[in-house]
Amino acid sequence: MATILVIEDDPETASEIRAELVRCGFTVGCAADGPGGLSQAVDGRWDAIVLDRMLPGLDGLELVRQLRTRNVTVPTLLLSALGQVSDRITGLRAGADDYLVKPFALGELMARLEVLLRRPSGGTQTRLHVGPLELDLIARRASRGGRTLDLLAREFQLLEYLMRRDGMPVTRKMLLEDVFGYKFEIRTNLVDVHIGRLRRKLDAPGEPPLLLTLRGEGFILSAPQ
Amino acid sequence: MPRYAGLRAVELIRSRGFRWGTTFAAILGGSLLAMFVLMFWRSSYLLFDALDRSVTEQVELLAARPPDMLVFMISSRMNHRPAVVTQVGLFTPDGISIVGDVPAIPVGLDLNGSVQAVQAPASPTSQWRAAGRRLADGRLLIVAREADEILEVRADLIRGAAAGIVPAILLSLVGGVLVGIATERRLRHISAVAERVIAGELGERLPCSSGDDELDRLCAIVNRMLERFEDVATALKGVGDNIAHDLRTPLTSVRARLERSLRMVGPGSAAGASIAESITGVDRALSIVSALLRVAEIRHARRHKAFVPFDLGEVLSETAETFRPVAEEKGLAFRFPPPCRAMIIGDRDILVEAIVNLVDNAIKFTPPPGVVGLYLEGTGEHPIVQVIDSGPGIAPAERRDVFRRFFRSDASRTASGSGLGLSLVAEIVALHRFSITLGDERPGCRFELRCWPGAGGPDTLDRVEARSNEAHGPPLHI
Ligand SMILES: Nc1ncnc2c1ncn2[C@@H]1O[C@H](COP(=O)(O)OP(=O)(O)OP(=O)(O)O)[C@@H](O)[C@H]1O
Ligand SMILES: [Mg+2]
């Protein structure tokens, strides 16, 4: 199972994240400050690093930057109490792979970590396949088992995002941020509405469902066994 | 309307500074005039007095002489001319000249011995001071002196005064107006700053010139007051934000613990159900905390930090694309005529947030079957985003309140939400110096977002609050 390094100075948050990771079967290493975290991070045995943005000694952004200049490409997930869009952008620019604003649900963290660990299928493909589903990115055509799906632009984007992450949980927040481009919290059912419409188009009567709802966490698209 | 130094003439005349200036000019002119009148009156009195006295003296003197010597005396006096300036004449009781250089009795002369101003009988242009009396033997004695010189002096006095006083009054008037304009401009500057302070820009300070007049001292005092006020206001605002901030961590860890417990007991059990409910409650609290912090974040965002030009039409198209299914799913028609390009300058992500909040409200508060519309109106550099719905609308009395934090109208208590959406919108509008108006759609409501800087004057959220004691009524401009 994967090995994760958690660099977080707040002991309570650190122990919560650690407990959840252990529960999910990860091997976990911990550091409580910037320099300590950096010296552990460079040793190459981690599959992913979760780090706080504000750390004593060396801040999270700088830590990621130093990792990247030393050609350590391990996926990183920045945690931050700062929510500004521009902070998120600077975080990603520094080389972090994802950015999560506190407070977050642990399920959200796990979902993102899983995506990071499995690095979604590369952007160079022009055709995506998941079970009977096929997506032609150039012709912008979607089909299930030869039956063409009549999708709206948003639904197409949604399906592409899900297909690139097949078998992984995708949270509402991830969809809001990445598909709808909303970097802010929004309390509507809009993701569920779009997913519902997409699901109705994907599954003809009698066909096994491809797009499942995970209670409280989000959605998962996977090929039927 | 003619303008002078940026002031309209009417405003200038009404201004206090101008009134002080003109009052000063009036007082100066009035006292100059009074002084002149006194001087004029006094000097002509003195000049005439000397003349009149000599006339009276002569009359007395001659009248006291024996009557038979009079003819001789008068004719011998006449031989001393031109040293003698007094003219004397003796007449028969019926007015025929006997002797002397008064050719005839001046018209209108009362023969009572008093000195009077009369026309000289020989030349109509000449003025005399004359006195006459009837002697004991019935003959008439007239003594007169030419007053032309005195009149000349008096006319000179008036001319001189006019040459001095009129320019003096004019000068003081001009001075008054100038002082008035200067004072008025300063007051105007001060009141403009004060206006901005009222509008919520507590960082503004009154201008203090290097001088040390009353106005400067007053400005300095007001500035010290503003400083204290700003400190208190910042501290107050911070309290709420800090509480929200401090709540985040404990709430997050409570949630994590609940999640863990839920996993232990399993979601199927009764305990599991109640834990799931608690998680929903904590999530609600967390989302309120996040929304509050978001409002604070935008309030404190540096203006123009992330401002770039972008196409508002494109933003609306994307929003419509995202929200049309949401509206339709609820049984509402969604109207969105394809918009034209409308480039504006702002923080795109934040403006999207504002528009999304408006559209979200429109869909949330409109019961099916109904209509929600998103329109791009206005022209060129003045685009207006309209969000219209056919829902219950917002009562005029509440149109101001809906932009306040936590306000939810009684009618909408059953809908989800915490009443923070529109306060966020108001902050976003203020950040961009745009304006938002709220009107009636009968039924329903219409939000209009005017997307150009200065669309509503120097607008901030506090302006809404500062105006809250004004009369209610549409449309509301923030
Ligand atoms: N389109 C609308 N029609 C009728 N009432 C509205 C509309 N928009 C807003 N309101 C009223 O204004 C109140 C405040 O709106 P606001 O968006 O600030 O809060 P909310 O929608 O209740 O909660 P939140 O946006 O935080 O989820 C609402 O509760 C509602 O009473
Ligand atoms: Mg709202």
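Analysis parameters
Residues numbered from 1 in each chain as written. Chains lettered and ligands numbered in written order. Predicted model: local features only at pLDDT ≥ 70, side-chain atom pairs only at ≥ 80, totals over all residues. Heavy atoms only, no water. Helix = DSSP H or I, 4+ residues; strand = E, 2+ residues; numbered from the N terminus. Buried < 20%, exposed > 50% of the residue type's maximum accessible area, 1.4 Å probe, protein only. Contact = heavy atoms within 4.5 Å. Buried area = accessible area lost by both parts, 1.4 Å probe. Salt bridge = Lys/Arg side-chain N within 4 Å of Asp/Glu carboxyl O. Polar contact = N/O pair within 3.5 Å; in protein donor to acceptor, adjacent residues only side chain to side chain. Nonpolar A, V, L, I, M, F, W, Y, C, P; charged D, E, K, R; others polar.

(A) Layout of the environment of Pro121(B). All names here are of chain B. Its place among the elements puts Pro 121 in the loop between strand 5 (116-119) and strand 6 (127-134). Judged by its relative accessible area of 31%, Pro 121 is partly exposed. Beyond its immediate stretch of four places on either side in the chain, Pro 121 contacts Pro 103, Ala 104, Pro 106 and Trp 128.

(B) Quick look at the interface of chain A and chain B. Between chain A and chain B, the contact holds 33 residues from the first and 34 residues from the second. Regarding the contact of chain A and chain B, the summed buried area is about 3000 Å², with carbon and sulfur atoms giving 51% of it. By the criterion of area lost to chain B, the three top residues of chain A are Pro103(A), Phe184(A) and Arg187(A), representing 20% of everything that side buries. The tally of links from chain A across to chain B stands at 7 salt bridges. The shortest N-O distance in the salt bridge between Glu12(A) and Arg257(B) comes to 3.1 Å. Linking chain A with chain B are 9 residue pairs in polar contact (both at pLDDT 80 or more). Those elements giving two or more residues to the side of chain A that touches chain B turn out to be helix 1 (11-23), helix 4 (85-93), helix 5 (106-118), helix 6 (153-164) and helix 8 (190-202) of chain A. In terms of residues, the side of chain A that touches chain B owes the most to one element, helix 8 of chain A, which gives 5 residues. Partitioned by chemical class, the residues of the side of chain A that touches chain B number 13 nonpolar, 8 polar and 12 charged.

(C) Up close: unusual backbone geometry. Put simply, Pro368(B) and Pro369(B) share a cis peptide bond, and its omega is -5°. Inspection of the secondary structure assignment puts Pro369(B) in the loop between helix 8 (348-365) and strand 11 (370-379). Cis peptide bonds are those with omega within 30 degrees of zero, and the linkage from Arg442(B) to Pro443(B) qualifies with -5°. As for its position among the elements, Pro443(B) is in the loop between strand 13 (435-440) and strand 14 (445-450). With a phi angle near 50°, Arg140(A) is a residue other than glycine that sits in the positive phi range. Backbone geometry at Arg433(B) places phi at a positive 60°, although glycine is not the residue there. Following the sequence through the fold, Arg433(B) ends up in the loop between helix 9 (421-432) and strand 13. By relative accessible area, which is 34% here, Arg433(B) ends up partly exposed.

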